[in-house]
Amino acid sequence: MPREAPYEAHAAPPQEPGPKVTAVAESEELAVPSVERALSGPSKDRPLSWHGRVKIVTGATQGPGARDQEALDRARARLPLTGPKRVLVLGCTSGAGQTVTTLMTGHIMASLREEPVAAVDLHDGALARYGAPAGWLEEILGGKAPQTQAPSRPDGLPPTRKGTQARLDVIASRGALGDGDEQLLAEYLGRHYPLTMLDPGAAGLTKLLTITDQLVVVAPASVEAASALADTREWLDAHGFADLAAHSVTLINGVSRRSMPDVTQAESVARGRCRAIVRVPWDDMVPVGGTGPSALRSQTRVAYTALAGVLVAGMAAAPIRRRQ
């Protein structure tokens, strides 16, 4: 874990438009069952030649195979899950884009799966500024049901058949989790949401990791990304979350041509230590007060769709051993 964990959601300084490559996954096959088996296995179970078989999955919105790849990503994101699941998004340094990743991925998940998704703000209150909270954590832990919010369809995706069920509900918080609150959080939110996105702060992070089914580690496309990723992995290992880290997804945020040397160095640290790497291109359309993926460039939205597919694929596979 980084020396400090402020977990900001601010974007990196403007850079040149990024390359069309947005995601790195560990399989050469397109058949969904084979892909899911590859994505579900921890790094220690992979063949020694795994490094040489990493496949670049393009996020381009044009060109041969683009539609097929996006269709595959959407199919992965719709895979059935057994029981409620939780995804924790962890920024490994200040300005990594933790909150924006939580927000955009939650919107994409809700739209593609046509079901409600919760985004829990245990960070700095930024999520609650994107829209009125559907509930407060303290009230949820007391047994109060969240208020259903009418969807505004801000994700730029086609309308769903289930109407109001495809929505992202923000659960805001006024304070840190108390002892045992993480288990109550998992139980009570699981009654209302098949998927929950967790946006953590430094306080209570270890508690939240014990109820996490999938971990996303976010690093900015900058010179400090490699060392921040290494520090984060060291912290996770030291605190008993090595298995969760081995099954995690690394997201490199704000990728551009100018930042590619830093991106390559960061990926050399992450490769072999996580289940997949996703590149999200630099997008000056990411608004400070935006409400969803409709504000993004199409290429960026495709990258978040790829991330959603990889995450659900992992959760649809064998459960991860978490520290108790």
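Residues numbered from 1 in each chain as written. Predicted model: local features only at pLDDT ≥ 70, side-chain atom pairs only at ≥ 80, totals over all residues. Heavy atoms only, no water.

Draft legend 1. Here's a closer look at the pattern of salt bridges. Evaluation of the coordinates by the stated rule reveals 14 salt bridges. Asp73 is the partner of Arg76 in a salt bridge, and the nearest nitrogen-oxygen pair spans 3.7 Å. Of the two residues, Arg76 and Asp73 are both situated in helix 2 (residues 66-77); the distance of three residues between them amounts to about one turn of the helix. Each member of the pair Arg76 and Asp73 is classed as buried. Arg233 is the partner of Asp237 in a salt bridge, and the nearest nitrogen-oxygen pair spans 2.9 Å. Taken as a pair, Asp237 and Arg233 lie in helix 7 (residues 225-238) at a separation of four residues, close to a single helical turn. (Salt bridge = Lys/Arg side-chain N within 4 Å of Asp/Glu carboxyl O. Helix = DSSP H or I, 4+ residues; strand = E, 2+ residues; numbered from the N terminus. Buried < 20%, exposed > 50% of the residue type's maximum accessible area, 1.4 Å probe, protein only.)

Draft legend 2. Up close: helix 5 (residues 181-190). Those residues of helix 5 not exposed but buried are Asp181, Glu182, Leu185, Ala186, Tyr188 and Leu189. Each element contacted by the buried residues of helix 5 is listed here: strand 3 (85-91), strand 4 (117-122), helix 4 (137-141), strand 6 (168-172), strand 7 (195-200) and helix 6 (205-209). (Contact = heavy atoms within 4.5 Å.)

Draft legend 3. The packing of helix 3 (residues 98-113) against helix 10 (residues 298-316), seen in detail. Viewed as axis vectors pointing N to C, helix 3 and helix 10 meet at an angle of 75°, and their least axial separation amounts to 9 Å. The orientation of helix 3 with respect to helix 10, classified from their angle, is roughly perpendicular. Listed contacts from helix 10 to Val100, Thr101, Met104, Thr105, Ile108, Met109, Leu112 and Arg113 of helix 3 are Arg301, Tyr304, Thr305, Leu307, Ala308, Leu311, Val312 and Met315. When grouped by side-chain class, the residues that make up the contact of helix 3 with helix 10 number 11 nonpolar, three polar and two charged. (Axes fitted to C-alpha atoms, helices over the stretch in contact; angles between N-to-C directions. Parallel < 35°, antiparallel > 145°, perpendicular 65-115°, else oblique. Nonpolar A, V, L, I, M, F, W, Y, C, P; charged D, E, K, R; others polar.)

Draft legend 4. Expanded view of the nonpolar core. Formed by 43 residues in total, the largest nonpolar core has its most connected members in Ile171, Leu209, Leu229 and Ile252. If near-sequence neighbours (up to four positions away) are discounted, Leu229 is found in contact with Cys92, Val217, Ala219, Thr250, Ile252, Ala266, Val269 and Ala270. Core analysis: the second largest hydrophobic core is formed by 38 residues, Ala77, Leu112, Val218 and Ala313 among them. (Core = buried A, V, L, I, M, F, W, Y, C linked by side-chain atoms within 4.5 Å.)

Draft legend 5. Quick look at the pairing of strand 8 (residues 214-220). Along strand 8, seven of the seven residues are buried, which leaves the element largely enclosed by surrounding structure. Pairing of strand 3 with strand 8 involves five bridges; the strand directions are parallel. Of the residues in strand 8, the one forming a bridge with Gly91 is Val218. Pairing geometry for strand 8 and strand 9 (residues 249-255), over five bridges, is parallel. Bridge pairing in strand 9 places Val218 opposite Leu251. (Pairing = 2+ DSSP bridges.)

Draft legend 6. Molecular detail of the environment of Ala75. Mapped onto the secondary structure, Ala75 falls in helix 2. According to the relative accessible area criterion, Ala75 is partly exposed, its value standing at 33%. Ala75 sits 238 residues away from Ala313 along the chain, and the two C-alpha atoms are 9.4 Å apart.

Scope: geometric values only; no functional claims are made or implied.
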